[in-house]
Amino acid sequence: MIEVKHLTKYYGRTLAVDDISFYIDAGSVVGFLGPNGAGKTTTLRMLTCFMPATSGSATVADYDVFSQSLQVRSRVGYMPENVPLYPEMRVREYLMFRAALRGLGHKRRSSAVDRAAERCWLAKPEDMMRRRIDQLSRGYRQRVGLADCLLHEPEVLVLDEPTIGLDPAQVREMRNLIRSLGENHTVILSSHILAEVEQICSRLVIISGGRIVAQGTSSELRRQVSGPSRVIVELKGGRPEQMAASVADVGGVLDVQHTRAGNWTRLTVQCAEEADLRQDVAALVTAKGYQLRELRREIGSLEDFFVQMTYEQTTRD
Ligand SMILES: Nc1ncnc2c1ncn2[C@@H]1O[C@H](COP(=O)(O)OP(=O)(O)OP(=O)(O)O)[C@@H](O)[C@H]1O
Ligand SMILES: [Mg+2]
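Residues numbered from 1 in each chain as written. Chains lettered and ligands numbered in written order. Predicted model: local features only at pLDDT ≥ 70, side-chain atom pairs only at ≥ 80, totals over all residues.

1. Some thoughts on the environment of Asp 148
As for its placement among the helices and strands, Asp 148 is situated in helix α5 (residues 138-150). For Asp 148 and Leu 292, which are 144 residues apart along the polypeptide, the C-alpha to C-alpha distance reads 63 Å. Excluding anything up to four places from it in sequence, Asp 148 contacts Leu 95 and Arg 98. (Helix = DSSP H or I, 4+ residues; strand = E, 2+ residues; numbered from the N terminus. Contact = placed C-beta atoms within 7 Å.)

This is the structure in structure tokens:
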């Protein structure tokens, strides 16, 4: 449905998007996750024909975003970072105006507006469609922005930080709304909140410093994260170096570091990928007659992974 190949964007001498490639299947909900300045908005703007690329190519629904922008625009609903609305207009009036801009005939306009309003929970309370936009709360304004991008019934929705600036209740509503839209649309959304992307999206693309640093389903990423695991052991009964050396001989152990913890020794045992060596370490400790007061496994969380991936990228540049 969406195919991006070697997309690159320079703003003057600033490299904002650096040779990114990815593919998105029809019907999936994909989260673009990255810290501030990662290049999310820039990528989404290129995909929605708002900005040319410096190099590379992208197709949406098999149309080229640079040479077939009319076809692409008619299939994409784009909600930008700051939804531009006309504050003095009333909700219905604004949506009717936007529907006219999208080329919907007079008859279709009214039903398109009603349908989008219903979808985005703008139909209630009853006077909502008659309210002035500058008198709406931020959450309702976001809903108007979302209704706007549904008017022409696009197949693809591109939502740039759709929950930013909303209060927790509105965030929850917006996430539910996007999830329900995901049932019959292909959705790309951007966010810098890992938990949000995990809740809404079936796939994650992690971007940092203009590059894709990881992508996959959250369980695929989790599997990568849980790669090298660690076992923490606290014990006594021998010299620290000697205890560390005997644990290092356990099969699957890559490295052992020792530190003091009062009159106990703490060993940090790096294990080969995904190995859980607690049982082997416990057997060794018993065989050697050491005393044991702690034995636990530590696995990096997806949050650690995200911070690590994005931090490594930032420090590399
Ligand atoms: N119009 C512009 N002119 C020059 N540089 C820009 C412009 N827009 C963005 N940039 C730069 O490009 C890089 C990527 O910006 P972009 O807005 O795509 O990031 P983002 O991931 O959307 O960040 P945020 O989470 O803050 O919205 C940044 O270094 C930014 O300063
Ligand atoms: Mg942005």
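2. Brief notes about the site of ligand 1
In the vicinity of ligand 1 there are 13 residues, among which Tyr 11, Ala 16, Lys 40, Thr 41 and Thr 42 approach most closely. For the shell around ligand 1, the secondary structure elements donating two or more residues are β2 (14-24) and α1 (40-47). A per-element tally of the shell around ligand 1 places α1 first, with three residues. (Near = placed C-beta within 6 Å.)

3. Some remarks on unusual backbone geometry
Residue Lys 124 is joined to Pro 125 through a cis peptide bond whose omega torsion reads -5°. Residue position: Pro 125 is located in the loop between α4 (106-119) and α5. Even without being a glycine, Asp 19 presents a positive backbone phi close to 60°. Although it is not a glycine, Asp 62 sits at a positive phi angle of roughly 70°. Note that Asp 62 resides in the loop between β4 (55-60) and β5 (63-64).

4. A word on the sheet that holds strand β10 (residues 211-216)
Each strand in a sheet pairs with its neighbour through backbone hydrogen bonds, running either in the same direction (parallel) or in the opposite one (antiparallel). Strand order across the open sheet formed by six strands is β6-β7-β8-β3-β9-β10, with mixed pairing between neighbours. If you trace the sheet from one side to the other, it starts and ends with β6 (76-79) and β10, each paired once. The average undirected angle you get between the axes of adjacent strands in this sheet is 15°. In the sheet, strand β3 (residues 29-33) pairs with strand β9 (residues 203-208) via four bridges, with the strands oriented parallel. Paired with Gly 31 across the bridge in β9 is Leu 204. In the packing of α5 onto the sheet, contacts are made with β6 and β7 (156-160), and the angle to β6 comes to roughly 160°. (Pairing = 2+ DSSP bridges. Axes fitted to C-alpha atoms, helices over the stretch in contact; angles between N-to-C directions.)

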